[in-house]
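Observations on chain architecture
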Amino acid sequence: MTETFAYEYPEAAPYIEQAVDEHGEDWVLEHYYEQLYPLGQVMEIPEKDELPFYDPDEHDTMTEKERAEMYQAWAEYRENLRTGTKRGE
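So, here is what we can say about the structure in this document. Computed from a predicted structure; not experimentally measured. (Residues numbered from 1 in each chain as written. Predicted model: local features only at pLDDT ≥ 70, side-chain atom pairs only at ≥ 80, totals over all residues. Heavy atoms only, no water.)

Looking now at helix 3 (residues 25-36). Its 12 residues place the ends of helix 3 only 13 Å apart at the C-alpha level, less than the 16 Å of an ideal helix rising 1.5 Å per residue. Among all positions in helix 3, only V28, L29, Y32, Y33 and L36 are buried. Buried residues along helix 3 cover an arc of 120° about the axis, so they all sit on one side. Exposed side chains of helix 3 directed beyond 90 degrees from the buried face belong to D26 and E30. (Helix = DSSP H or I, 4+ residues; strand = E, 2+ residues; numbered from the N terminus. Expected span 1.5 Å × (residues − 1). Buried < 20%, exposed > 50% of the residue type's maximum accessible area, 1.4 Å probe, protein only. Arc of directions from axis to C-beta.)

Let us look at helix 2 (residues 12-23). Taking 1.5 Å of rise per residue, 12 residues should cover 16 Å, and helix 2 covers 16 Å from first to last C-alpha, within 8% of that figure. Regarding helix 2, the residues found buried are A12, A13, I16, A19 and V20. What you see down the axis of helix 2 is that its buried residues fit within an arc of 130°, all on one side. What points out from helix 2, more than 90 degrees from its buried face, is the exposed set D21 and E22. Directly after helix 2, the chain includes G24, whose backbone phi takes a positive value near 100°.

As structure tokens, this is what we get:
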């Protein structure tokens with residue numbers, strides 16, 4: 001990670017660095033929204049395209065609307081698991 005990145009995101013940088021060390025940059029980019037982006041609830045975390053190893057020619061990002069839809073679907077899924085119902089019941 002670059003010093004600038006660590007300076008801009010002092011709380012999140014160690015978590016991202018640890019994930020890169022454990023899984024590699026490709027894994028972090030592939031699982032960013034599911035595994036790391038939710039940290040944004042408790043600390044300032046960068047957008048995926050702000051990561052120093054992000055390459056727009058190789059990787060894609062989700063729009064705010066797409067992320068909202070994904071998290072809404074997860075919330076519905078967790079609620080269905082909790083209540084033991086299926087979607088639409």
